[in-house]
Amino acid sequence: MNLYKDILARFPRGGISYVFAYGSGVKQQIGYADINQQKNNIIDLVFCVRDPLGWHAENISRHESHYSAMRHLGPKLIMKYQENFGAGVYFNTLVPLPDIGVQIKYGVISKEQMLQDLLEWKHLYMAGRLHKPVQDIVAPDDDVQIKQALATNLRNAFHIALIMLPEKFTSYQLFHAIANLSYKGDFRMIFGENKNKVANIVKAQENEFFELYKPAMKDLSEYVAVDFAAKEKGSEKVVTQFEQDKSIKAIEFHLRQAPSELRRRLIRNAVFKGSYIDIVEPLAALKNLHEIVSMSVNDIVWRSSITQTLKNIPSAGVTKSLIYAARKAMKTFAK
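Residues numbered from 1 in each chain as written. Predicted model: local features only at pLDDT ≥ 70, side-chain atom pairs only at ≥ 80, totals over all residues. Heavy atoms only, no water.

- The protein chain is annotated in an unreviewed UniProt entry as Phosphatidate cytidylyltransferase, mitochondrial of Musca domestica.
- As recorded by UniProt, the Catalytic activity (unreviewed entry) comment attached to the protein chain reads in full: "a 1,2-diacyl-sn-glycero-3-phosphate + CTP + H(+) = a CDP-1,2-diacyl-sn-glycerol + diphosphate".
- Annotation of the protein chain in UniProt includes, under Sequence similarities (unreviewed entry), the sentence "Belongs to the TAM41 family." (UniProt positions renumbered as here; feature names shortened; annotations may be inferred.)

Take a look at the structure:
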């Protein structure tokens, strides 16, 4: 944590609700060197702030070089660009911190935008990142709204994963389904990411996923049971296996917890008329519900991944964008 504290000390602290670090430079993934031995990975961070205008104004005065030529437009226009385009996040990319020997990429998002994504899945951008283990740097202990929204986001991911999983499944299948929610529809998975990224995350972080989803498992114990000493089919290997209630009533229950943006997509993709509450019962009975839910999640992620990537080009600057894109493209061909 000393490294993260050193990084955090450089930035404005006023009005911060939550700061977390994520990605392969922060959490172990298969195919990467041990986190403590990595030298070239970028550390990704997100600052959730209550006053993005004031935060950018102070940050530009401290770190003008972090910003592209957009800094000349002033903090007010940067704040508007952050709030009104893409997924509501403004990124500064490939920022060197030579005195501590790291490079960082950091995003800034308003508390309002963060809450909207966590609770509604408007973009499934921040919400998707927070479906997976991250490193809290400033925990939301003093911000009840963010803390509760983070818990709701995890519980909703668990609900949707259960809809998409069979009656019996392993812990790996569960966490893969959850992690895959925000990746499957991401156009960068076509060109720009390791094709095995989701598996590489889950295999290396399965214990952390368990810790993250313990409260959701407890809340939904009426619908899903866990056996920590099950035998893998066809072998004597011990695996953690879940068994869930796949009755129509159980599926209806999970569907009723769907965030509002996903509800809108489900109505459209199922080609039903009426309010969401009216269509939950026939929706739960569909044989192809798995495909409709998957398509609806993908619709959200596809849109936000494209618009946010395009948004990041001016905020990073052309040169940094090309360098960052080249690094991402290399991952496409990684094993």
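1. Looking at a negative patch on the surface
Okay, step 1: A grouping of Glu167, Glu222, Glu243 and Asp245 is seen on the molecular surface, where their side chains present a negatively charged patch.
Okay, step 2: On the secondary structure map, Glu167 appears in the loop between helix H6 (144-164) and strand S6 (168-170).
Okay, step 3: Judged by relative accessible area, Glu167 falls into the partly exposed class, the value being 43%. (Patch = residues over 30% accessible without salt bridge, like charges linked within 9 Å, V, L, I, M, F, W, Y side chains within 5 Å. Areas by Shrake-Rupley, 256 points an atom, 1.4 Å probe, with all protein chains shown as cover. Salt bridge = Lys/Arg side-chain N within 4 Å of Asp/Glu carboxyl O. Lys, Arg positive; Asp, Glu negative; His and termini not counted. Charge placed at Lys NZ, Arg CZ, Asp CG, Glu CD. Helix = DSSP H or I, 4+ residues; strand = E, 2+ residues; numbered from the N terminus. Buried < 20%, exposed > 50% of the residue type's maximum accessible area, 1.4 Å probe, protein only.)

2. Some details on the nonpolar core
Okay, step 1: Counting 69 residues, the largest nonpolar core has Met114, Phe158, Ile160, Leu174, Tyr213 and Leu255 as its most contacted members.
Okay, step 2: It is H6 that provides the largest number of residues to this core, a total of 11 residues.
Okay, step 3: For Met114, the residues in contact, after removing those within four places along its chain, are Tyr18, Phe20, Val46, Cys48, Ile109, Met126, Leu130 and Ile146.
Okay, step 4: By size, the runner-up hydrophobic cluster in this structure holds 27 residues, among which are Ile60, Ile78, Tyr90 and Val102. (Core = buried A, V, L, I, M, F, W, Y, C linked by side-chain atoms within 4.5 Å. Contact = heavy atoms within 4.5 Å.)

3. Quick notes on the packing of H6 against helix H9 (residues 248-256)
Okay, step 1: The N-to-C vectors of H6 and H9 enclose an angle of 145 degrees; their axes lie 9 Å apart at closest approach. In this structure, the crossing between H6 and H9 has a hand that is left-handed. From H6, His159, Leu162 and Ile163 reach across to H9, where they touch Phe253, His254 and Leu255.
Okay, step 2: Here the contact of H6 with H9 is composed, by residue class, of 4 nonpolar, 2 polar and no charged. (Axes fitted to C-alpha atoms, helices over the stretch in contact; angles between N-to-C directions. Left-handed = near helix turned anticlockwise from the far one by under 90°. Nonpolar A, V, L, I, M, F, W, Y, C, P; charged D, E, K, R; others polar.)

4. Examining the packing of H9 against helix H11 (residues 276-284)
Pairs of packed helices are described in terms of their axes, by the angle between the two and the distance that separates them.
Okay, step 1: It is at 9 Å that the axes of H9 and H11 come closest, and there the two elements cross at 140 degrees. Between H9 and H11, the interaxial angle falls into the category oblique. For the crossing formed where H9 meets H11, the hand is right-handed. Of H11, the residues touching H9 (which contributes Ile248, Ile251, Glu252, Leu255 and Arg256) are Tyr276, Val280, Glu281, Leu283 and Ala284.
Okay, step 2: Partitioned by chemical class, the residues of the contact of H9 with H11 number 7 nonpolar, no polar and 3 charged. (Parallel < 35°, antiparallel > 145°, perpendicular 65-115°, else oblique.)

5. Some words on the pairing of strand S7 (residues 224-231)
Okay, step 1: Taken together, the 6 bridges between S7 and strand S8 (residues 238-244) define a ladder with antiparallel strand orientation. Paired with Val224 across the bridge in S8 is Gln244. (Pairing = 2+ DSSP bridges.)

6. Focus on the environment of Gly86
Okay, step 1: For Gly86, the position within the fold is in the loop between helix H3 (75-84) and strand S3 (89-97).
Okay, step 2: C-alpha of Gly86 to C-alpha of Lys311: the two residues are 225 residues apart in sequence and 6.1 Å apart in space.
Okay, step 3: Apart from residues lying up to four places away in sequence, Gly86 is in contact with His123, Thr307, Gln308 and Lys311.

7. Overview of H9
Okay, step 1: When we look at burial in H9, the residues that qualify are Ala250, Ile251, Glu252, His254 and Leu255.
Okay, step 2: Turning to H9, the residues buried within the fold contact H6, S8, helix H10 (260-270), H11 and helix H12 (289-316).

8. Regarding the packing of aromatic side chains
Okay, step 1: Across all of its chains, the model carries 19 aromatic pairs by this definition.
Okay, step 2: Look at Trp55 and Tyr106: their rings are 6.5 Å apart centre to centre, the planes differ by 70 degrees, and that puts the pair in the edge-to-face class. Remark: Tyr106 occurs in strand S4 (residues 102-110) and Trp55 occurs in helix H2 (residues 52-62); sequence separation between them is 51 residues. Neither residue differs from the other here; Trp55 and Tyr106 are each classed as buried.
Okay, step 3: Taking the centre distance of 6.5 Å and the plane angle of 20 degrees together, the rings of Phe210 and Phe242 count as stacked. Of this pair, Phe210 sits in helix H8 (residues 197-219) while Phe242 sits in strand S8, and the two are 32 residues apart along the sequence. (Phe/Tyr/Trp six-rings, centres within 6.5 Å; stacked < 30°, edge-to-face > 60°.)

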